[in-house]
Each structure stands twice: as C-alpha cells, then as structure tokens.
Amino acid sequence: MNQLKKLEKEVTTWSSISVHPHRFGGREFCLRSAEVGHVHTNGIVDIPFPRSIRDALLADDLAEEHHWVPNSGWITFRMRSAEDLSHALWLMRLSYLRYVLKAAADPRKVFEQESEQLHLSPRFKSLLEPFVPKTAKQVSAEPIPA
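So, here's what we can say about the structure.

Conventions and cut-offs
- Residues numbered from 1 in each chain as written.
- Predicted model: local features only at pLDDT ≥ 70, side-chain atom pairs only at ≥ 80, totals over all residues.
- Heavy atoms only, no water.
- Pairing = 2+ DSSP bridges.
- Helix = DSSP H or I, 4+ residues; strand = E, 2+ residues; numbered from the N terminus.
- Polar contact = N/O pair within 3.5 Å; in protein donor to acceptor, adjacent residues only side chain to side chain.
- Salt bridge = Lys/Arg side-chain N within 4 Å of Asp/Glu carboxyl O.
- Buried < 20%, exposed > 50% of the residue type's maximum accessible area, 1.4 Å probe, protein only.
- Contact = heavy atoms within 4.5 Å.

Here the focus is the pairing of strand β6 (residues 74–78). Pairing of strand β4 (residues 44–48) with β6, which is carried by five bridges, proceeds in the antiparallel orientation. For Pro-48, the partnering residue across the bridge sits in β6 and is Trp-74. Of the pairings in the sheet, the one linking strand β5 (residues 64–65) to β6 comprises two bridges and is antiparallel in character. Along β6, the bridge assignment pairs Glu-64 with Thr-76.

Here's what the structure looks like:
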C-alpha cells in the first residue's frame, strides 16, 4: 500500500523517531522508548493515547475503537484511500506531540506551534495541556520539524 510507505517516510523525518518491525506485522514508530503508533500492512493504523484524548477522538468520529483492545486508550484508523494519509499523519503527530513535550527546551512554545500546525480545537488543546511541563528543561533540544 503506497500510503503506508508515504506515512513511514514522513514520520521518520520527525526528530528522534525510530522505526522497528511490529510484533504483529507492519512497522512501529517510537520516540526514544515510547511507541507513538504502528501501522499494519493492511492499512490499519493503531495509536496509543491517554483515555481522555481517545474518548474525544471517538466522540468526534476522528478514529475508531482499537480493533483488538477496544476498552483501552488505543485507537484504530483505517487508511482506505490516498485521502486518508493526511488524517493518519495528523493522528500520529498528535501522539508524537505529547511525548516530545516532555523533552522540549521550551515546551509551551512547542505546544503553541504544534497546536497551530495541527489546527487543534480548543477541546484538544485543553486535553493536551496537562502534557506541557510547567518548567522548561535545561537541555538543548532541536525544534521538531513539521
């Protein structure tokens, strides 16, 4: 599926992302040791989220319950066409954002920039707000590429 290759090509451009074979087939994307999400060869994209974000995604019909563990924070999105690629990337970036905020030198700035690029609604911004550390890290961090 060409969309899967395009998704992998884009996600691997994000800072600190590594790609590994997924244990149930497909490709797994990790930021350091945290799984951002994975794709299966049949076009299924599975992404972990905190339960509150997962519930909002389901309520807004932006994703489906996970196909194997529906009563969890995981979501499933089925890429059926080329048009689905941008939404799959949006979901993956949303997952990536909550992890990258933990290591950002200026997490508030990163949060505002990413919120704008992702066109996050006030609801999703408020759900992600708890992942913005109250104090900036004292390490240098490169800005995350779009």
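What follows concerns the environment of Glu-83. Of note, Glu-83 is situated in the loop between β6 and α3 (84–100). Once the C-alpha coordinates of Glu-83 and Gln-3 are considered, the two residues, 80 residues apart in sequence, prove to be 9.1 Å apart. One polar contact links Glu-83 to Ser-81, side chain to side chain, over a distance of 3.0 Å.

Glancing now at the pattern of salt bridges. Pairing between side chains becomes possible if they bear opposite charge and their charged atoms approach one another. What the rule picks out here adds up to 10 salt bridges. Here Glu-65 ties to Arg-54 by a salt bridge, and the two come within 3.6 Å at their closest N and O atoms. Pair noted here: Glu-65 is in strand β5 and Arg-54 is in helix α2 (residues 51–59), with a separation of 11 residues, a long-range link. Residue Arg-54 is classed as buried on the basis of its relative accessible area, which comes to 5%. Between Glu-112 and Arg-108 there is a salt bridge, with its nearest N and O atoms 3.4 Å apart. Remark: Arg-108 and Glu-112 occur in helix α4 (residues 107–117); sequence separation between them is four residues, near one turn of the helix. Since its relative accessible area comes to 34%, Glu-112 is described here as partly exposed.

Let us now look at the environment of Val-132. As for its position among the elements, Val-132 is in the segment after α5 (122–128). For Val-132, a relative accessible area of 4% translates into the label buried. Distance in space between the C-alpha atoms of Val-132 and Val-11 is 22 Å, their sequence separation being 121 residues. When sequence neighbours within four positions are dropped, the list of residues in contact with Val-132 reads Leu-101, Pro-107, Arg-108 and Phe-111.

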